[in-house]
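Okay, here's what each chain looks like letter by letter:
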Amino acid sequence: MAFESNVDIDHPVHDVRVEAMKNFEMKGFPNKKLEAWKYTSLNSLQKVDFSIFPKEVNALEYKDVKKYFLHEMDTYKIVFVDGIYSSFLSETTHDGVDICLMSSALTKPMYKPVIDVYFNKVASNDESLTTLNTAFSREGAYIYIPKNKMPKKPVEIVHFATGNEASLMLQPRNLIVVEENAELQIIERHQSLTSNEVLTNCVTEIYAATNAIVDYYKVQNDTASSSLIDNTYINQKNKSVVKVHTFAFGGKLTRNNLNFYQNGEYIDSTMKGVTILGEKQHVDHHTLVHHIEPNCESHQDYKGIYGENSTGVFNGKIIVDKVAQKTNAFQQNNNILISDKATINTKPQLEIFADDVKCSHGCTIGQLDEEALFYLQSRGIPKKEARALLMYAFANNVLESVRIPELKTRINKLIAKKLGVSLGFDL
Amino acid sequence: MLKIDNLHAGVEGNEILNGINLEVKAGEVHAIMGPNGSGKSTLAAVIAGKEEFEVTEGTVVLNGEDLEESAPEERAHKGIFLSFQYPVEIPGVTVTNFMKTAINESRKAKGLEDMPANQMLKLIREKSELLDINRKFLSRSLNEGFSGGEKKRNEIFQMAMLEPKLAILDETDSGLDIDALRIVANGVNKLKSKDNAVIIITHYQRLLEYIVPDYVHVLHEGKIVKSGSKELAFELEEKGYDWIKNEAVV
């Protein structure tokens, strides 16, 4: 049992875990008969005999994995290798803020008040994969930012898989609590270092108190043998601002379940995504914004560029409760298919029970604008570069809200690389 | 410089250009006028190599070289420039970066190294002064949120940067107020030399008061039905296009 080694039997988490296990046993893995899983099949993954706990710890040299960190700047780092914490690669802190480990937060009495209030509270007990994580997770990031604090630098949460096992399943669990007027920036990455199969089923709970500001950046650029199911749950209070950027550039199968719950007024929730896929990659963005109180806003802007045999899904659900008057909810999903064999399924799902709201949604699927292509070519820019420039321009406005310049540059370069050209200027 | 011989072109079987003959020599300015739908913009796009149009007959020859097989970018490298009637907006790419890309791609095609940064900046400064363009404008995203006048001025700025042999100005005067028109015309006049040539495509005679053409051609139903000196433009302004149409029928 996952937490058994760390948590004594009387700890509340023990009961939570047993309950989660029961829920998972009842529901099992989601299948394509479920509306929410219509376009994403886990069948092939279920056939793999994954090991849940690696037998031995594999040490990594920083120089070998440096490129996966935002090394252009100083950051806090919480790093896991095959699911096990690497103190050697990490840089944690307890200096005014807690940026450390889930396992220690669950065992040390000083964290108990926070765990009692927040652990597994916003995470759904109905989602079978979330309950699977709750049952089996043994490690992850624990971040607690007290009132009026802001860490000196962004936090990177990085998971490496070394291929120690023929096939490995990881269940990271993150808990992030940002108190009143506090601020936090996080970059999360899952990176496999071999061609062995990896399946990560990650759960992140984020609590943003009144006036808190949280920027969360998910960089998904993993190998063709890596799959990720990301389950992120965000609970926001009055006037908090939470922005989640998802950069989906790779991996075999990626499912992003991103859930926002607005438990207060004047809240701003922003979801932005850039997806650039090729080969037989699959990404499924499932967003949910639940407007529970009046006077809140949500913004969604997802751009996708799909090549070769790649497939994409965007499903954006917005619920506006009857009392949530003066809600502003915007949703936009634009896609470009650059191959005849690529597909995208895009679906807005609006459930609006209030009458004084502004909701807009739009989705487009298209090819590159021929007139724009001709314009660039007529200036001497070859077709291939012109296409890349246009795709770059297409994805660009999503990057405007990235508040870490070093990360923005990195993502810009990643986009250029994904599009297969070096543009004639520094990005 | 440019020799167009019996050019027929169209889209999906619909013929738009119906046997165009035109010769433009270095140092000359030609105006092509004509009513809406006469094929003016199509002619400009076909010379620049737009793939949407299919050339069914005839040739476009630039400095002795048949352009039939040339892609738009290759034509640009050979010295053709088209100022667009509706320039396209490219968010996230600044005017400066766009020009750097365009110039260095042209140089690459000619086997040259990238232009050194300081030289590029100097060139940008010179040419932007020529068109009365201020610095801030250069770091804005290409054409995004530009006014009609700004877009056209930016087109001529690009022309100044790329120094084409043959510039085609497609309705560059449309959407310009009189001050912008003067700046744009001034820019074109300063760039003109005995070694390059300009084709002005316009519906009205207005721009021709500032950029004086050596020849005026009237296009009607995909054919040049009348050619003359600059006085022809005044005549058209006065009488409209109907008398030309009637003459063409006769």
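The shown structure was predicted, so the numbers you read here are calculated from the model rather than taken from an experiment.

On to the confidence of the model for chain B, then. Low pLDDT means the predicted atomic positions in that stretch should not be read closely. With 99% of its residues at a pLDDT of at least 70, chain B reaches an overall mean of 91. Of the two predicted TM-score estimates for the complex, the pTM is 0.84 and the ipTM is 0.95.

Attention shifts here to the pairing of strand 10 (residues 197–202) of chain B. All names here are of chain B. Counted residue by residue, strand 10 has 6 buried out of 6 residues, so it is predominantly covered. Residues A197, I199 and I201 of strand 10 are buried on one face, and the alternating residues V198, I200 and T202, pointing to the opposite face, are buried as well. Both strand 9 (residues 166–170) and strand 10 contribute to a ladder of 5 bridges, which runs parallel. The residue bridging D170 from the neighbouring strand is I201, located in strand 10. Traced from strand 9 through helix 7 (residues 178–191) to strand 10, the parallel crossover comes out right-handed.

Another aspect to go through is helix 9 (residues 405–418) of chain A. All names here are of chain A. For helix 9, which comprises 14 residues, the first-to-last C-alpha distance of 20 Å matches the rise-based estimate of 20 Å (1.5 Å per residue) to within 8%. Considered for burial, the residues of helix 9 that qualify are L407, R410, I411, N412, L414, I415 and A416. Residues of helix 9 that are buried make contact with strand 8 (183–192), strand 10 (213–220), strand 12 (241–248), strand 14 (268–277) and helix 8 (383–399).

Turning to the pairing of strand 11 (residues 215–220) of chain B, a few remarks are in order. All names here are of chain B. Counting buried positions along strand 11 gives 5 out of 6 residues, so the element sits mostly inside the fold. Bridge count for strand 3 (residues 29–33) against strand 11 is 4 bridges, and the pairing is parallel. Pairing of H30 across the sheet is with Y215, part of strand 11. Relative to strand 12 (residues 223–228), strand 11 runs antiparallel, the two sharing 5 bridges. By the bridge assignment for strand 12, L219 is matched with I224. Hairpin connection of strand 11 to strand 12: 2 residues between the antiparallel strands, including E221 at a positive phi of 50 degrees.

If you look at the interface, chain B gives 33 residues, while chain A gives 20 residues. Taken over both partners, the interface formed by chain B and chain A buries close to 2,300 Å², and the fraction arising from carbon and sulfur atoms is 64%. At the surface where chain B touches chain A, the tally comes to 3 salt bridges. Notably, a salt bridge pairs K50(B) with E371(A), separated by 2.5 Å at the nearest N-O pair.

How each quantity is defined
- Residues numbered from 1 in each chain as written.
- Chains lettered and ligands numbered in written order.
- Predicted model: local features only at pLDDT ≥ 70, side-chain atom pairs only at ≥ 80, totals over all residues.
- Heavy atoms only, no water.
- pLDDT = per-residue confidence, 0-100.
- Buried < 20%, exposed > 50% of the residue type's maximum accessible area, 1.4 Å probe, protein only.
- Helix = DSSP H or I, 4+ residues; strand = E, 2+ residues; numbered from the N terminus.
- Pairing = 2+ DSSP bridges.
- Right-handed = clockwise from strand over helix to strand, strands pointing away.
- Expected span 1.5 Å × (residues − 1).
- Contact = heavy atoms within 4.5 Å.
- Buried area = accessible area lost by both parts, 1.4 Å probe.
- Salt bridge = Lys/Arg side-chain N within 4 Å of Asp/Glu carboxyl O.

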